[in-house]
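# Chains, contacts and geometry: an overview
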Amino acid sequence: MSERFNSIWDAIEDTPAQAENMKLRAVLLTALKDQISKRQLSQAQAAKLFGVTQPRISDLMRGKIDLFGLDNLVNMTVAAGLHVELRVLEAG
């Protein structure tokens, strides 16, 4: 019988904590990519708005999630004019 997981991160990360961290990072990275597309920003425009370099935006657009920590993604999200909310629920 094969094991079932709630998300891909639960399947590939070593610990539940690492999986949760990656889930949060994925949500923020996706929100930033969506914002860039929605506003039709160039990478240079997005970099200026988010307070990072153009190569960082390139990494973001290519989904290089391992290069971004939660703090950095939260800072970029706020700089993009978005609000971040966090809910903590019982595991289960």
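Please refer to the structure higher up on the page.
Residues numbered from 1 in each chain as written. Predicted model: local features only at pLDDT ≥ 70, side-chain atom pairs only at ≥ 80, totals over all residues. Heavy atoms only, no water.

## Some details on the overall build of the protein
When helices and strands are tallied, the protein shows 5 helices and 0 strands. Going from N to C terminus, the protein has its helices and strands arranged as α-α-α-α-α. Relative to its 92 residues, the protein shows a buried fraction of 25%. Looking at the protein alone, contacts between residues at least 24 apart form 53% of all its contacts between residues at least 6 apart. Of the roughly 6600 Å² that the protein leaves accessible, carbon and sulfur atoms contribute 53%. (Helix = DSSP H or I, 4+ residues; strand = E, 2+ residues; numbered from the N terminus. Buried < 20%, exposed > 50% of the residue type's maximum accessible area, 1.4 Å probe, protein only. Contact = heavy atoms within 4.5 Å. Areas by Shrake-Rupley, 256 points an atom, 1.4 Å probe, with all protein chains shown as cover.)

## Some remarks on the environment of Ser42
Residue placement: Ser42 occurs in the loop between helix 2 (16–39) and helix 3 (43–50). For Ser42, a relative accessible area of 34% puts it in the partly exposed group. Note: C-alpha distance between Ser42 and Gln54 (12 residues apart in sequence) is 9.3 Å.

## Regarding the pattern of salt bridges
Within the structure shown, the criterion is met by 2 salt bridges. Between Arg62 and Asp59 there is a salt bridge, with its nearest N and O atoms 3.0 Å apart. For Asp59, a relative accessible area of 13% gives the class buried. (Salt bridge = Lys/Arg side-chain N within 4 Å of Asp/Glu carboxyl O.)

## Some points on the packing of helix 3 against helix 4 (residues 54–61)
Relative orientation of the contacting elements helix 3 and helix 4 amounts to 105°, with a least axis distance of 8 Å. Taken together, the axis directions place helix 3 and helix 4 in an arrangement best described as roughly perpendicular. The segment helix 3 lies against helix 4, with Gln43, Ala44, Ala46, Ala47 and Phe50 engaging Gln54, Ile57, Ser58 and Met61. When its residues are assigned to classes, the contact of helix 3 with helix 4 shows 6 nonpolar, 3 polar and no charged. (Axes fitted to C-alpha atoms, helices over the stretch in contact; angles between N-to-C directions. Parallel < 35°, antiparallel > 145°, perpendicular 65-115°, else oblique. Nonpolar A, V, L, I, M, F, W, Y, C, P; charged D, E, K, R; others polar.)

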